[in-house]
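So the chains spell out like this:
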Amino acid sequence: MAKFTIYGTPISVYVRIVRLLLEEAGVDYSLKSVDIFNGESQSAEYLAKNPFGKVPTLEADGELIYETSAIVGYLDAVVADHKFSPSDPLRQARMRQIMAVVDSYLYPAVIGSIVIQRLIVPSQGGKTDEAKVASAVAPAKTAMEAIEAITVGQPYLLGTDLTIADFYLIFIFTYLCQVPEFEAITAKTPKLRVWWEQVRQLPNVKKVTG
Ligand SMILES: N[C@@H](CCC(=O)N[C@@H](CS)C(=O)NCC(=O)O)C(=O)O
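Just so it is clear, the structure is predicted and the values come from calculations on it, not from any experiment. (Residues numbered from 1 in each chain as written. Predicted model: local features only at pLDDT ≥ 70, side-chain atom pairs only at ≥ 80, totals over all residues. Heavy atoms only, no water.)

Bringing the pairing of strand 4 (residues 63-66) into the picture now. The pairing of strand 3 (residues 57-60) with strand 4 spans four bridges and is antiparallel. Paired with glutamate 59 across the two strands is leucine 64, which belongs to strand 4. Remark: two residues form the turn of the hairpin made by strand 3 and strand 4, two consecutive strands paired antiparallel; aspartate 61 in that turn has positive phi of roughly 50°. (Pairing = 2+ DSSP bridges. Helix = DSSP H or I, 4+ residues; strand = E, 2+ residues; numbered from the N terminus.)

Dropping the structure here:
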């Protein structure tokens, strides 16, 4: 039996972040589906694992851990010998800045507003709220340009090694590149466009999104 179990919806950005770290580390795990679209993530059984009803939750050696930043920090330490976190203090700070910008600003605008309205609502038979989409473009641009400003590139966000910052941003781009607002939001982020064309080819990114 796998030592690690991820509870969550396979298409979730945050579930994919955790899976990509485990795939890149070459570690076996199992994924137990908890659907965020049919109420399952609000069931008493799941709320006992994660009182906020968000995915993912990780079960590791009988311990439950929720909040993706806590999960990936733990996994990076226990399965990857900190391979995915820069040891240099400034780069470490940049990584945490990118993770926080994604959590606080980019995810709410890009996924919470634009992608939900453009992709999820129509797939469930609803109509896109164009006003919600339009009002999310400016905050998404601000967040994207903030990440661009601290990106090193060549080829990854913080230089030659993949870090947790890359894992956080990759799956935002996976969805963003499917909507017309991609052009406007990334118009002034040339380093991130080059980065995206490279990281989207990584075999484990394809595996996790496949
Ligand atoms: N702060 C949480 C956020 C996780 C999150 O927002 N997950 C989304 C899926 S990508 C979710 O559970 N959405 C369902 C909901 O909000 O009810 C973390 O870092 O793990």
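Every residue near the ligand is listed here: Ser12, Val13, Tyr14, Ile36, Lys54, Val55, Glu67, Thr68 and Tyr107. In the environment of the ligand, an oxygen atom lies 2.8 Å from a nitrogen or oxygen atom belonging to the backbone of valine 55. Threonine 68 places a polar side-chain atom, nitrogen or oxygen, 2.7 Å from an oxygen atom of the ligand. Expressed as a share of its isolated accessible area of 510 Å², the protein-covered part of the ligand is 79%. Its residues placed into classes, the shell around the ligand shows five nonpolar, two polar and two charged. (Near = heavy atom within 4 Å. Polar contact = N/O pair within 3.5 Å; in protein donor to acceptor, adjacent residues only side chain to side chain. Areas by Shrake-Rupley, 256 points an atom, 1.4 Å probe, with all protein chains shown as cover. Nonpolar A, V, L, I, M, F, W, Y, C, P; charged D, E, K, R; others polar.)

Turning our attention to the environment of tyrosine 175. Structurally, the position occupied by tyrosine 175 is in helix 6 (residues 164-176). For the pair tyrosine 175 and leucine 119, spaced 56 residues apart in sequence, the C-alpha separation works out to 8.9 Å. With near-sequence residues (within four places) excluded, tyrosine 175 lies in contact with Ile11, Val13, Arg16, Ile111, Val115 and Leu119. (Contact = heavy atoms within 4.5 Å.)

Take the domain arrangement of the protein next. Under the domain assignment used here, the protein contains domain 1 (4-80) and domain 2 (89-202). Here domain 1 and domain 2 have C-alpha centroids that lie 21 Å from each other. Here domain 1 and domain 2 share zero salt bridges between them. Linking domain 1 with domain 2 are four residue pairs in polar contact (both at pLDDT 80 or more). Looking at the side of domain 1 that touches domain 2, the elements that each hand over two or more residues are helix 1 (13-25) and helix 3 (68-80). Here the element with the most residues in the side of domain 1 that touches domain 2 is helix 1; it accounts for seven residues. Looking at side-chain class alone, the side of domain 1 that touches domain 2 contains eight nonpolar, two polar and three charged residues. (Domains from an automatic or database assignment. Salt bridge = Lys/Arg side-chain N within 4 Å of Asp/Glu carboxyl O.)

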